[in-house]
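Summary of the model geometry
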Amino acid sequence: SWEKLPLDLSRYCTLFARYLKMNFSCCRLCVVTLAETHPILQEGRTIKSINYQISNGCSRLKNKVSGKSKRGAQFVTDFAPLCRITCSDETEYTIYSCIRGRLLEVNENILETPNLLIEKPSTEGYIAVILPKFEESKSITEHLLTREEFEGVVSKRSVSQPSS
Amino acid sequence: MLPLKEKDKPIVKKLLSAGCCARCVLRFCCVSVQAAYRQAHQVPFCCFLFISNVSSLKKSTSKPPCKRAKPDPTETDGSESGSAALVCVVCLGILQDLCGPAQAKKIAETVKAENYQFDTLVLSVSLPAQLCVREHSCWLHVKKEVREKGLVLDKDDVIQVKEAFKWIIQGLVTKELVGVAVVGKVGRIKTLKAQPLFTFKSKSFLFTLAAAYQLCLLCFFHFSRHYPCPPLEASSGCTPQDIQCLHVSVFIAGRYNKFCRSLPQTPWVIDGERRMESSVEELIAAPILSAFRADGFNFSSSGREDVDVRTLGNGEFLLLYWMVLLTQVIYTTINDSSEKVKVRDLQIVTREAMSRMKEGEEEKTKSYTALVWTQKAIEKEDIAFIDDIKVSPKTPLRVLHRRALAIRQRVIHSMNARFVDPHHFYLGLKTQAGTYIKEFVHGDFGRTKPNLCQLLKTDTDILELDVESVDVDWPPPIPE
């Protein structure tokens, strides 16, 4: 039987926040994806549309990043909305960043193919890539939960609310 | 006599009264006859004679009216400007008593002590920053007179202190080091050369080199607000600080193989702690460093592979350049001391090789073998592939923290597959340099398009990766 190599730099360490699964690469980049417990996935909804225009003045699609130091990237805080998802039954969900950092990119593939979010939430259906500040890269994960902690919380949680 | 003309008189007069030594006077008169600078005690005397129009060279009789009396011609250490402590305001003594036989002897002794084998010597001089400020000040002082002497003359025609110093001392050093040619410039590097570096220092630390350069760009009006014209008297001259012998860089090219899956390219140290043992760089350079007296090295390779990738076949090519005196290259030292890395085709090349190597980086093709895992069970027919796929990957997340976000199109020239079992197969690829193979296989969150997951319609992952060959003809192979 083949084993994955013990050291593989492209692998991710996953931590959880609310209904999101945060995948941290060893170079501190974070890929935000939906956790399996998100209502959209749990309750088998279908997605009508995804909107990156989170306010009148701000669209995540207008995020233009240039150069190695990622100039021009929108800075997001824990409570910054990344996108709004509208399901076919008109329920709306807002996905929040949950960590602080520079927004490097949002997944434009899910605009065209919203199904990706449901079929491949952990890979092709990712939502955004965020780069935390170098100085904060350790502290930023303090409020996030490991898989064990997360599963502990989930099992205690009562029936979910409509908005995340 | 000195090659000075009537037109030089105003310049000579102005400089002597400002406190310049005789050789600096010659410099500002743009005298490029090297021999003129070498006559130690005769130079100042002739200058005085020149301006006082006395044609006779009789040493014993009348003293010239100038305050700076001629020196006693029996003094042999070349110290000029009469009253003992009068240091030239421009060269701070470097062209006065610091370029005589005594200094030459010191240089020769230092070189001999280091025990090199060499044919040619290049002398380099390092001067304190304030000298260029003094030079500029003096230039502004006599600019008008120099231009009147010859309309085309400018600051560039003034002989530099370093040049004059070398003209004077080179001959003296040659005499001390019998059989060695001391040259001003380095030509093509055929044999190895040693380079003594003669450093001067002065007491004043007023100027950093950067500030000095800025000052020297100013016109009289602005310059004189910061520093007087002509330059101030100096209480003490320069002292020679150091004589260092440096080796000329040697460039060595070759090819290397990496047989180990847990070896990084360069030492992997985070927060002072070493995370992985050794590195390609250390394994190749270290045996050579200990065999020869190398001061340092730079390891440059045409491509870097990850820690967990092996480089097989002819190998990746490398360029090692370092300051070392090389008498012979030893292959066995490297190839026998480690199973992880092997080198071949090591040869001495020129500096131009650097650009040659970097050129090849974009155009070359590389061949890989990857061990791929698939989630869905596959059959042999599923892995028959098409050639010449153009991949448009976004910058892989793996490197995004240190590279710009962009899409760099790359070509995969051909692929072939070897079935292993329903969930594994070996994928051979021949791609353009710079193609991220791992991301092509697992898709990198769908950011690399097209990718193997899409082509096979299943989740895939990469378990192992080997570089089979790097298809470039350089450096030329050396028969064993």
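Refer to the structure printed above.
A few points on the structure. Computed from a prediction, not measured in an experiment: that's the story for all the values here. (Residues numbered from 1 in each chain as written. Chains lettered and ligands numbered in written order. Predicted model: local features only at pLDDT ≥ 70, side-chain atom pairs only at ≥ 80, totals over all residues. Heavy atoms only, no water.)

What follows is about the overall build of chain A. A tally of helices and strands in chain A yields four helices and nine strands. Taken from N to C terminus, the helices and strands of chain A fall in the order β-β-β-α-β-β-β-β-β-α-α-β-α. The buried share among the 164 residues of chain A stands at 48%. In chain A, 60% of the contacts between residues at least 6 apart in sequence involve partners at least 24 apart. When the accessible surface of chain A is summed, it comes to about 8,500 Å², and 52% of that surface belongs to carbon and sulfur atoms. (Helix = DSSP H or I, 4+ residues; strand = E, 2+ residues; numbered from the N terminus. Buried < 20%, exposed > 50% of the residue type's maximum accessible area, 1.4 Å probe, protein only. Contact = heavy atoms within 4.5 Å. Areas by Shrake-Rupley, 256 points an atom, 1.4 Å probe, with all protein chains shown as cover.)

Looking now at the packing of helix H1 (residues 9–18) of chain B against helix H6 (residues 130–149) of chain B. All names here are of chain B. Relative to each other, H1 and H6 sit at 165 degrees, their axes nearing to 9 Å. Judged on the interaxial angle alone, H6 and H1 are roughly antiparallel. As for the relative orientation of H1 and H6, their crossing is right-handed in sense. Touching Pro-10, Ile-11, Lys-14, Leu-15 and Ala-18 of H1 are Cys-138, His-141, Val-142, Glu-145, Val-146 and Lys-149, all from H6. (Axes fitted to C-alpha atoms, helices over the stretch in contact; angles between N-to-C directions. Parallel < 35°, antiparallel > 145°, perpendicular 65-115°, else oblique. Left-handed = near helix turned anticlockwise from the far one by under 90°.)

Turning our attention to the interface of chain A and chain B. Taken together, the contact pairs 28 residues of chain A with 30 residues of chain B. Both faces combined, the contact of chain A with chain B buries some 2,500 Å², and carbon together with sulfur accounts for 61% of it. Our count for the contact surface shared by chain A and chain B stands at three salt bridges. With a shortest N-O distance of 3.8 Å, Lys-394 of chain B and Glu-105 of chain A are connected by a salt bridge. Along the contact surface separating chain A from chain B lie three residue pairs in polar contact (both at pLDDT 80 or more). Among the elements of the structure, strand E3 (30–34), strand E8 (101–106) and strand E9 (128–131) of chain A are those that each provide at least two residues to the side of chain A that touches chain B. (Buried area = accessible area lost by both parts, 1.4 Å probe. Salt bridge = Lys/Arg side-chain N within 4 Å of Asp/Glu carboxyl O. Polar contact = N/O pair within 3.5 Å; in protein donor to acceptor, adjacent residues only side chain to side chain.)

As a further point, take the sheet that holds strand E4 (residues 47–51) of chain A. Residues and elements named next belong to chain A. Pairing is antiparallel in the open sheet, where three strands are placed in the order E4-E6-E7. Strands at the two margins of the open sheet, each flanked by one partner only, are E4 and strand E7 (92–96). In this sheet, adjacent strand axes meet at a mean angle of 20 degrees when their direction is disregarded. Relative to E7, strand E6 (residues 81–87) runs antiparallel, the two being bridged by five bridges. If you follow Ile-85 over to E7, its bridge partner there is Tyr-93. (Pairing = 2+ DSSP bridges.)

Looking now at the sheet that holds E8 of chain A. Residue and element names in this part refer to chain A. With antiparallel pairing, the six strands of this open sheet are ordered in space as E1-E2-E3-E9-E8-E5. Looking at strand neighbours, the two that pair on one side only are strand E1 (12–17) and strand E5 (75–76), the edges of this open sheet. Of the pairings in the sheet, the one linking E1 to strand E2 (residues 20–25) comprises six bridges and is antiparallel in character. Directly across from Thr-14, in E2, lies its bridge partner Asn-23.

Attention now goes to the pattern of salt bridges. Within the structure shown, the criterion is met by 12 salt bridges over all chains. The partner of Arg-45 of chain A in a salt bridge is Glu-43 of chain A, and the shortest N-O contact between them spans 3.0 Å. Among the ionic pairs, Arg-447 of chain B bridges to Asp-444 of chain B, the shortest N-O distance being 2.9 Å. Relative accessible area serves as the criterion here: at 2%, Arg-447 of chain B is assigned to the buried category. The network of salt bridges with shared partners includes Glu-105 of chain A together with Lys-394, Asp-444 and Arg-447 of chain B.

This brings us to the nonpolar core. Formed by 61 residues in total, the largest nonpolar core has its most connected members in Leu-15, Cys-20, Cys-24, Phe-28, Tyr-37, Val-90 and Leu-95 of chain B. Those elements giving two or more residues to this core turn out to be H1, helix H2 (22–28), helix H3 (34–38), helix H5 (101–114), H6, helix H7 (161–176) and helix H8 (209–215) of chain B. Looking at which element gives the most residues to this core, the answer is H7 of chain B, with eight residues. Phe-24, Ile-99, Leu-103 and Ala-128 of chain A belong to the second-largest nonpolar core, a separate cluster that totals 33 residues. (Core = buried A, V, L, I, M, F, W, Y, C linked by side-chain atoms within 4.5 Å.)

On to the packing of aromatic side chains, then. With the rule as written, the count across this model stands at three aromatic pairs over all chains. With a centroid separation of 4.2 Å and an interplanar angle of 10 degrees, the aromatic rings of Phe-16 of chain A and Phe-150 of chain A are classed as stacked. A residue pair is termed long-range when its members are at least 10 positions apart, and Phe-16 of chain A in strand E1 and Phe-150 of chain A in helix H4 (residues 147–156) qualify at 134 residues. Accessibility classification places Phe-16 of chain A together with Phe-150 of chain A in one group, the buried group. Seen from their ring centres, Tyr-126 of chain A and Phe-445 of chain B are 5.9 Å apart, and the 80 degrees between their planes marks the pair as edge-to-face. You can see Tyr-126 of chain A sitting in the loop between helix H3 (115–119) and E9 and its partner Phe-445 of chain B sitting in the loop between helix H14 (437–442) and strand E16 (448–449), one on each of two chains. Of the two residues, Tyr-126 of chain A and Phe-445 of chain B, neither departs from the other in class, the shared state being buried. (Phe/Tyr/Trp six-rings, centres within 6.5 Å; stacked < 30°, edge-to-face > 60°.)

These figures come from the coordinates and say nothing about function on their own.
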